[in-house]
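Residue-level structure breakdown
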Amino acid sequence: MPAFLLAIGVLSLFAAGFLIYSRYLSTAVFRLDDAYVTPAHRYRDGIDYVPTNKHVLFGHHFTSVAGAAPIIGPAIAVFWGWLPALIWVVVGTIVAAGVHDFGSLVLSVRHRARSIGTITKDVISPRAGTLFLLIVFFLITMVCAVFAVVIANLFLANPGSVIPIFGEIPIAMLIGAYIWRTRTPALIPSLLGVAALYLLIIVGHQYPVDLSPVAEAVGMQPRTAWILIILAYTFIASRLPIWLLMQPRDYINSHQLFIALAVVLLGVGVGWDRIVAPAINNVPDDSPSMWPFLFITIACGAISGFHCLVSSGTSSKQLDRETDARMVGYGGALGEGSLALCSILAVTAGIAGSRGEWEASYGSFTEAGAGAVGNFVSGIGHFAANLGLPEHYALIFGAVVVISFAATSLDTGVRLQRYVIQEISRQVGFKPLSNNLTLAGVLTVVLAAALALAPGGGDKGFALGVLWQLFGTTNQLLAGLALATLAVWLVKRNTNPWAILTPMVFLVAMTSWALVVNIQKYWEAAREQGAEATLWVLPPLAVVIFALAVWTMIEAASALGKAWGNRGSSPRTSDTEEPNVTLDSSRVRD
């Protein structure tokens, strides 16, 4: 099947989802109101709370949620066949991810831009809020550790990408300072930033950066050195005003989505590449079952719990108008679905010219996982080569796309974890940590570094080789719990919650099923490896996560039942919401 025709069909469905379904959510479900004064104006501080143009905020939100997951997940999931992977990406993006990301953003805006975990305490119960925050804390720590490892590995495999990635930082800061002082629209400066980034690819190719001599001189592995450098940078970035680095860099990176889409569409059109992977693959008998693991393997790109943390962490603090949430939240989900589409096309039409060549890369689920990032980079490089870009530059371009999104998610994750640590500290009454941004930031990166550098896990390390096996189920359970909180809030507002309840029930069912299967698998794998195996950490952690999730869902079901019983008498505005105020504050220019 021609990949070009498939891409056009999927993008058309995404456009219809935005034009039709997101409008319904905006008007009939969330009832957005431009008269509502958003937290960005109400608590404006020039650091975290900054009213932001919706196009710039879309760039921040999209690149923060994108990371490497919408690339890696679909690149692995085509192991079961490109058709089920693509169906889940399309349906999940339109019906689940868009609702989840959009709704989490609106919910946070209506609750002083607090995190979804803290909001759960008010909407469902204090116990549920505490349980939610514990799950969030564990998830973000894993994300920060693993993304640091992934970026370090990519730098080692693609040394030509180092200069473009690090060169983007001062470029973004110059653009951020210029826009902040002159109030100039961000589009033209950001496009110049993209051009400068791609010129640096030429420099990076000529001068690849290899840390091996320096790392060996101080007695550490090159990957360890990169992990420490990356986390040190994220600590500094998390302390800077959001307009100085994060906003302009994320806006620059968001353009790469459209550039990558253009490269894919034009590349497959010019080369008329065909999808050589099977629509439904005949997998080996010892492979994981497509049901339920497809819906865990593809999280970002369909629906991901990490997104509710971004929506209620950084994006809600920058929303200028409440109606902008439609473009930022739902549009960001569509952007990530489009990136997942690029990944599927790259690994089914870009890496091989025949079914036999493709099967050589996807002979087992383990091989699919090990080669996911490399297959994507090679596929994007192939599409770029179709357009005449030399292969060595095309490969660096593919690596820069992956690292840019992963680095943005890591930066956001560190900032989000700082918020979570401060919220937990406030709940337990530990004022030295709750009021100290620097201390909370230091604790965040120290925990991430400890997890990333912990022994065990073979070549991948403990975080990526062991703990990351818990990410998929934990992440999807978090999405289900966020949808549960959103549903209770909507029922309290006397609003129809079925747009939220439907994906919630499906997601919680698939994830719980997968987690139960995995607990048994982890137990058997640990027993096979012996008493000293690092895999012994997985069974008890998985049981704890499952217990926390079940407990939270019971609390949510109880709250939902009570709210449902009061439907009709409930106010149009929930009693947990922040009341509107009259504020003499100018809006940012469009």
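Residues numbered from 1 in each chain as written. Predicted model: local features only at pLDDT ≥ 70, side-chain atom pairs only at ≥ 80, totals over all residues. Heavy atoms only, no water.

1. Things to note about the packing of aromatic side chains
Summed over the entire model, instances satisfying the criterion amount to 25 aromatic pairs. With centroids separated by 5.5 Å and ring planes inclined at 80 degrees, the aromatic side chains of Phe 62 and Phe 405 adopt a geometry described as edge-to-face. Highlighted residues: Phe 62 in helix H3 (residues 54-66) and Phe 405 in helix H19 (residues 391-428), separated in sequence by 343 residues. Accessibility expressed as a relative area gives 0% for Phe 62, which makes it buried. Taking the relative accessible area as the measure of exposure, Phe 405 reaches 0% and is therefore buried. Taken together, the ring pairs in this structure connect Phe 58, Phe 62, Phe 258 and Phe 405 into an aromatic cluster. Between Arg 183 and the ring centre of Trp 180, over which it is positioned, the NZ or CZ distance is 4.5 Å. Here the basic side chain of Arg 326 rests over the ring of Phe 18, its NZ or CZ set 4.6 Å away from the ring centre. (Phe/Tyr/Trp six-rings, centres within 6.5 Å; stacked < 30°, edge-to-face > 60°. Helix = DSSP H or I, 4+ residues; strand = E, 2+ residues; numbered from the N terminus. Buried < 20%, exposed > 50% of the residue type's maximum accessible area, 1.4 Å probe, protein only. Lys NZ or Arg CZ within 6 Å of the ring centre and 35° of its normal.)

2. Notes on the confidence of the model for the protein
Of the residues in the protein, 96% reach a pLDDT of 70 or more, and the chain-wide mean stands at 90. No element of the protein has a lower mean pLDDT than helix H20 (residues 431-434), which averages 82, and none a higher one than helix H5 (residues 82-109), which averages 97. Here residues 585-590 is a poorly scored stretch, pLDDT under 50, and it has 20 contacts once near neighbours within four places are set aside; other chains count. (pLDDT = per-residue confidence, 0-100. Contact = heavy atoms within 4.5 Å.)

3. A few points about the state of the cysteines
One pass over the structure, following the stated rule, counts 0 disulfides. Looking at Cys 308, it has no disulfide partner, and the nearest cysteine sulfur is the one in Cys 300, 11 Å off. Here Cys 308 falls in the buried class, since its relative accessible area comes to 0%. (Disulfide = S-S within 2.5 Å.)

4. Overview of helix H7 (residues 126-157)
Compared with the 46 Å implied by 1.5 Å per residue over 32 residues, the 46 Å span of H7 between its first and last C-alpha is a close match. When you tally the buried positions in H7, you get 24 out of 32 residues, the bulk of the element. (Expected span 1.5 Å × (residues − 1).)

5. Structural notes on the pattern of salt bridges
Overall, the coordinates contain 10 salt bridges when judged by the stated rule. Note that Arg 114 and Asp 122 form a salt bridge whose closest N and O atoms lie 2.6 Å from each other. Taking the relative accessible area as the measure of exposure, Arg 114 reaches 15% and is therefore buried. Here the salt bridges share partners, and the residues they tie into one network are Arg 110, Glu 322, Arg 493 and Glu 577. (Salt bridge = Lys/Arg side-chain N within 4 Å of Asp/Glu carboxyl O.)

6. Brief notes about the packing of helix H8 (residues 162-182) against H19
The contact between H8 and H19 brings their axes to 9 Å, and the two run at 45 degrees. One finds that H8 runs oblique with respect to H19. In this structure, the crossing between H8 and H19 has a hand that is right-handed. In this structure, H8 uses Pro 164, Ile 165 and Glu 168 to contact H19, whose residues at the interface are Val 400, Ile 403 and Ser 404. In terms of residue class, the contact of H8 with H19 is built from 4 nonpolar, 1 polar and 1 charged. (Axes fitted to C-alpha atoms, helices over the stretch in contact; angles between N-to-C directions. Parallel < 35°, antiparallel > 145°, perpendicular 65-115°, else oblique. Left-handed = near helix turned anticlockwise from the far one by under 90°. Nonpolar A, V, L, I, M, F, W, Y, C, P; charged D, E, K, R; others polar.)

7. Brief notes about unusual backbone geometry
Geometrically, the link from Trp 291 to Pro 292 is a cis peptide bond, its omega value of 10 degrees lying close to zero. Despite not being glycine, Arg 31 has its phi angle at roughly 50 degrees, a positive value. Following the sequence through the fold, Arg 31 ends up in the loop between helix H1 (3-29) and helix H2 (39-42). For Ala 113, which is not glycine, the phi torsion reads 60 degrees and is therefore positive. The residue Ala 113 is located in the loop between H5 and helix H6 (116-123) in this model.

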